[in-house]
Number of protein chains: 2
Amino acid sequence: MKETTVCPRLSKAMELIGKRWTGLILYQLLEGPQRFNEIVSSLPVSGRLLSERLKELEKEGLVERNVFAEVPVKVEYSLTEKGKGLKDAIANIEQWSKVWLS
Amino acid sequence: MKETTVCPRLSKAMELIGKRWTGLILYQLLEGPQRFNEIVSSLPVSGRLLSERLKELEKEGLVERNVFAEVPVKVEYSLTEKGKGLKDAIANIEQWSKVWLS
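Residues numbered from 1 in each chain as written. Chains lettered and ligands numbered in written order. Predicted model: local features only at pLDDT ≥ 70, side-chain atom pairs only at ≥ 80, totals over all residues. Heavy atoms only, no water.

Caption draft 1: Representation of the environment of Asn-66 of chain A within the structure. All names here are of chain A. Among the secondary structure elements, Asn-66 is positioned in strand β1 (residues 63-68). Here the alpha-carbon distance between Asn-66 and Pro-33, two residues 33 residues apart in the chain, equals 9.0 Å. Residue contacts for Asn-66: discarding those within four places in its chain leaves Lys-74, Val-75, Glu-76 and Ser-78. One polar contact links Asn-66 to Ser-78, side chain to side chain, over a distance of 3.0 Å. (Helix = DSSP H or I, 4+ residues; strand = E, 2+ residues; numbered from the N terminus. Contact = heavy atoms within 4.5 Å. Polar contact = N/O pair within 3.5 Å; in protein donor to acceptor, adjacent residues only side chain to side chain.)

Caption draft 2: Spatial organisation of the relation of the copies chain A and chain B. For these two chains of identical sequence, chain A goes onto chain B by a turn of 180 degrees and a shift of 0.0 Å along the axis, with RMSD 0.0 Å. Interpreted geometrically, this transformation is the action of a two-fold axis. Of the C-alpha atoms belonging to chain A, the one lying closest to the rotation axis is found on Gly-18 of chain A, 1.8 Å away. A shared interface surface links the copies, since 100% of the contact residues of chain A are contact residues in chain B too. (Least-squares fit on C-alpha atoms with pLDDT ≥ 70 in both.)

Caption draft 3: Summary view of the interface of chain A and chain B. Taken together, the contact pairs 42 residues of chain A with 42 residues of chain B. With both chains or domains summed, chain A and chain B bury close to 3900 Å², and 72% of this area falls on carbon and sulfur atoms. Arg-20 of chain A is the salt-bridge partner of Glu-15 of chain B, the closest N and O atoms lying 3.5 Å from each other. For the pair chain A and chain B, the interface holds three residue pairs in polar contact (both at pLDDT 80 or more). Sort the elements by how many residues they give to the side of chain A that touches chain B and helix α6 (residues 87-100) of chain A lands first, with 10 residues. Partitioning the side of chain A that touches chain B into residue classes produces 19 nonpolar, 12 polar and 11 charged. (Buried area = accessible area lost by both parts, 1.4 Å probe. Salt bridge = Lys/Arg side-chain N within 4 Å of Asp/Glu carboxyl O. Nonpolar A, V, L, I, M, F, W, Y, C, P; charged D, E, K, R; others polar.)

Caption draft 4: Representation of the pairing of β1 of chain A. Here β1 of chain A pairs with strand β2 (residues 74-79) of chain A via six bridges, running antiparallel. Counted as the bridge partner of Asn-66 of chain A is Glu-76 of chain A from β2 of chain A. (Pairing = 2+ DSSP bridges.)

Caption draft 5: Region of the structure containing unusual backbone geometry. In this structure, Pro-72 of chain A follows Val-71 of chain A across a cis peptide bond, with omega equal to -5 degrees. Relative to the helices and strands, Pro-72 of chain A resides in the loop between β1 and β2. Not every positive phi belongs to a glycine, and Trp-21 of chain B is a case in point at roughly 85 degrees. For Trp-21 of chain B, the location among the structural elements is in the loop between α1 (8-18) and α2 (22-29).

Caption draft 6: Geometry of the packing of aromatic side chains. Overall, the coordinates contain zero aromatic pairs over all chains when judged by the stated rule. Directly above the aromatic system of Phe-68 of chain A lies the positively charged group of Lys-74 of chain A, at a separation of 4.9 Å from the ring centroid. (Phe/Tyr/Trp six-rings, centres within 6.5 Å; stacked < 30°, edge-to-face > 60°. Lys NZ or Arg CZ within 6 Å of the ring centre and 35° of its normal.)

Caption draft 7: Quick look at empty space enclosed by the protein. All told, the structure shown has one cavity of 30 Å³ or more when counted by the stated rule. For the largest cavity, the calculated volume is near 90 Å³. Along the walls of the largest cavity sit Ser-11, Met-14 and Glu-15 of chain A together with Ile-17, Gly-18, Lys-19, Arg-20, Trp-21, Thr-22, Gly-23 and Leu-24 of chain B, which together make up its complete lining. Contributions of two or more residues to the lining of the largest cavity are made by α1 (8-18) of chain A together with α1 and α2 of chain B. In terms of residue class, the lining of the largest cavity is built from four nonpolar, four polar and three charged. (1 Å grid on protein atoms, 1.4 Å probe; cavity = no way out; pocket = protein on both sides within 12 Å on 5 of 7 lines; lining within 4 Å. Points joined across faces, edges and corners; volume = space filled by probe spheres on them.)

Bear in mind that shape data such as this cannot, by itself, settle questions of function.
So this is what it looks like as structure tokens:
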């Protein structure tokens, strides 16, 4: 493998956040816990892909899935502390988009 | 098309920055103007893909290509003001990766 100087953790972070829709899903969940339908109706993403991304984010420890024993059962997704840790980065990207993108 | 609430500019920014290797290329160029070989040897990316990404970033106005009329001709890539505008976001992602990724 090619010897490179970039930090593997930064590489992993960029890969993780860079996945299509991940940034927007995190942005959406920064508003607080939400149900699947609330997230899917706010973003131009398909249900299948959203479900896939939420599973990945759960596995990476950025999102947690909360099941409420009600009838019918209620399931909410929310950011973990690790997920909330990206708040500043996402806010910076949003600010950049307002300044530089028309 | 599905009616959604997310800001199209944020969507475009996430898509742009989220492309594989783009974040790391921007991170690398934050160190200053560099030649193609300097960039490709610092990142685990292929020459073909780096060339593709640099063209896209040029088109989006984040990177500029400077040709110096020397013998042999010298070509350097550097961030534009628009590209440098992502410095804080990238620094935040780097910081996050140090705290949360092992």
